[in-house]
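Observations on the model geometry
Read off the chains here:
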Amino acid sequence: MEKSIQTDYISGIKELKLRKNAIILAHYYQTGDIQDIADFVGDSLALSQKAASNSADIILFAGVKFMAETAKILSPGKKVLLPDMNAGCSLADSCKEDEFREFIKRNPGRTVVTYVNTSAEIKALSDIICTSSNAVQIVESLPSGEKIIFAPDRNLGNYVLNKTGRDIIVWNGTCYVHEEFSLEAILKLKKENPGSKVIVHPECELPVRMTADFIGSTGALLAFTKKDNGSVYIVGTEPGIIHQMKKAEPGKTFIPAPPRDSTCGCSECSFMKLITIKKIYESLLYEKGEIFVKDDIIEKAGKPIRRMMEISEKLGL
Ligand code: SF4
């Protein structure tokens, strides 16, 4: 897009935000230009916390659908906009309501812990929600004898299982972005950059996690690069986060972990990248892309989300 047109859209967004008392919440996987015009940038936990406590009339979510739905569930009185309704999530799609209901039935007596990357309907079937920032702590907060179903991400689920040693059955879902990282390419990069540190998201596969100097949610990876005394990092998550890493630590070097297929660009989340400055402008202007969640789902899904938020607050997360 031409720079002057981009600048016009950005001015228009600023004016619309003021006129309509709207805020923009953006996920770390958005492009840098979108992160820079957002009122708040964060990972799923921080964005949920922000969605639950703000005085805006309109929340525009620069992220994907399950995040906008979570905002609507937490703030049902507000108008929540998603600039492109096709911004879905392969992980959320890997857990369908009917199949999950059946899975719960086949494994009775287990507490259902689901990752925030799910539809509102799946959240409504859950006992408690978690994000990658608090998954381990949420599971640890449950009584020690409690048997658990963890859904939908199998890599995060197995990571939590190994960390906590709890009795957990893991749903077999995946995020296509985090499964794409090439172990060989990461090891090669590490060799070429002596002293570099590999930092990865827990949604990555086990062999990639085993190469890591640090594993954490997107927010935790960012915090780590701020406080760590290293200077070169190989970053195993969606590369949008590198925008914030570079802003916070301009003297450090951040290298995106390469995907298996170096021609596919698939370490970038194509769903996240559907959101553009132009679409944000149009969504705010025409108030299009409104998120609706049925009242009974808002009620049922709100409980496990709030339970997570209360525990996170108690633990200072
Ligand atoms: S990065 Fe993966 S989990 Fe996150 S929105 Fe994209 S597909 Fe879903």
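Summarised in this report is the structure supplied together with it. For every chain, the first residue of the written sequence is number 1, and numbering continues from 1 along that sequence. Thresholds applied to this predicted model are a pLDDT of at least 70 for local features of residues and 80 or more for the giving and counting of side-chain atom pairs; totals over whole chains, interfaces and linings are not thresholded and use all residues. In computing side-chain properties, one takes all heavy atoms of the structure into account and sets aside hydrogens as well as water.

Regarding unusual backbone geometry
Applicable threshold: Put simply, DSSP marks the helices as runs of H or I at least four residues long and the strands as runs of E at least two long, and each gets a number from the N terminus on. Each residue's exposure class comes from its accessible area (1.4 Å probe, protein chains only) as a fraction of the maximum for that residue type: buried when under 20%, exposed when over 50%, partly exposed otherwise.
Cis rather than trans, the peptide bond between A151 and P152 has omega equal to -5°. Examined against the element boundaries, P152 turns out to sit in the loop between β7 (148-151) and α9 (154-164). Although it is not a glycine, N21 adopts a positive phi angle of roughly 50°. On the secondary structure map, N21 appears in the loop between α1 (3-20) and β1 (22-27). Phi at E287 takes a positive value of approximately 50°, unusual for a residue other than glycine. Counting through the fold element by element, E287 comes out in the loop between α14 (277-286) and α15 (295-314). A residue is classified by how much of its surface remains accessible, and E287, at 26% relative accessible area, is partly exposed.

Some details on the site of the ligand
This is how it is decided: Throughout this document, a residue counts as near a molecule or strand when at least one of its heavy atoms sits within 4 Å of that molecule or strand. Buriedness of a pocket was judged along seven lines, with at least five required to meet protein on both sides within 12 Å; pockets are open sets of points on a 1 Å grid over the protein atoms alone, cavities are sets where a 1.4 Å probe fits but cannot get out, and lining residues have an atom within 4 Å of a point. Molecules are considered to sit inside a cavity or pocket once more than half of their atoms lie within 2 Å of its grid points. Ten residue types, Ala, Val, Leu, Ile, Met, Phe, Trp, Tyr, Cys and Pro, are classed as nonpolar, four, Asp, Glu, Lys and Arg, as charged, and the remainder, Gly among them, as polar.
Inspection of the region around the ligand gives Y29, V64, C89, S90, N117, C175, V177, E203, C269, F271 and M272 as its neighbouring residues. Of all the cavities here, the one that holds the ligand is the largest cavity. Considered class by class, the residues forming the shell around the ligand number 8 nonpolar, 2 polar and 1 charged.

Here we look at the packing of helix α4 (residues 65-74) against α15
Put simply, the test is: Interaxial angles span 0 to 180 degrees and are taken between N-to-C directions of axes, which are lines fitted to C-alpha atoms, for helices over the stretch in contact. Under this scheme an angle from 65 to 115 degrees is roughly perpendicular, one under 35 degrees roughly parallel, and one over 145 degrees roughly antiparallel; angles in between are oblique. We call two residues contacting when some pair of their heavy atoms lies within 4.5 Å.
In the contact formed by α4 and α15, the axes pass within 9 Å of each other and the chain directions differ by 95°. Comparing the axis directions of α4 and α15 gives the class roughly perpendicular. Residue-level inspection shows T70, K72, I73 and L74 of α4 in contact with α15, the latter providing I298, A301, G302, I305, R306 and M309. Partitioning the contact of α4 with α15 into residue classes produces 6 nonpolar, 2 polar and 2 charged.

Observations concerning the sheet that holds strand β9 (residues 197-200)
What counts is decided by this rule: Should DSSP find at least two bridges between two strands, the strands are regarded as paired.
Strands sit in the order β10-β9-β11-β12 across an open sheet of 4 strands; the sheet is parallel. Looking along the sheet, the strands with just one partner apiece sit at the ends: β10 (214-215) and β12 (253-256). Summarising the sheet, β9 and β10 pair through 2 bridges and their orientation is parallel. Paired with I199 across the strands is F214, a residue of β10. Running over the sheet, helix α12 (residues 218-227) touches β9, β10, β11 (232-236) and β12 and is turned about 155° from β9.

Describing the pattern of salt bridges
Definition in use: In the sections that follow, a salt bridge refers to a side-chain nitrogen of Lys or Arg positioned within 4 Å of a carboxyl oxygen of Asp or Glu.
Tallying each qualifying case throughout the model produces 17 salt bridges. K273 serves as the salt-bridge partner of E238, at 2.8 Å between the closest nitrogen and oxygen. Of this pair, E238 sits in the loop between β11 and α13 (242-248) while K273 sits in the loop between β12 and α14, and the two are 35 residues apart along the sequence. Since its relative accessible area comes to 0%, E238 is described here as buried.

A short note on the pairing of strand β3 (residues 58-62)
Rules: Seen with its strands pointing away from the viewer, a crossover is right-handed if its path from the first strand over the helix to the second goes clockwise.
The buried fraction of β3 is high, at 5 of 5 residues. Here β3 shows no split at all, with I58, L60 and A62 on one side and I59 and F61 on the other all buried. Note that β1 and β3 share 5 bridges and pair parallel. If you follow L25 over to β3, its bridge partner there is F61. Sheet topology places β3 next to strand β4 (residues 79-81); 3 bridges connect them, and they run parallel. The residue of β4 that forms the bridge with L60 is L81. Of the crossover connections in this fold, the one passing from β3 over α4 to the parallel β4 is right-handed.

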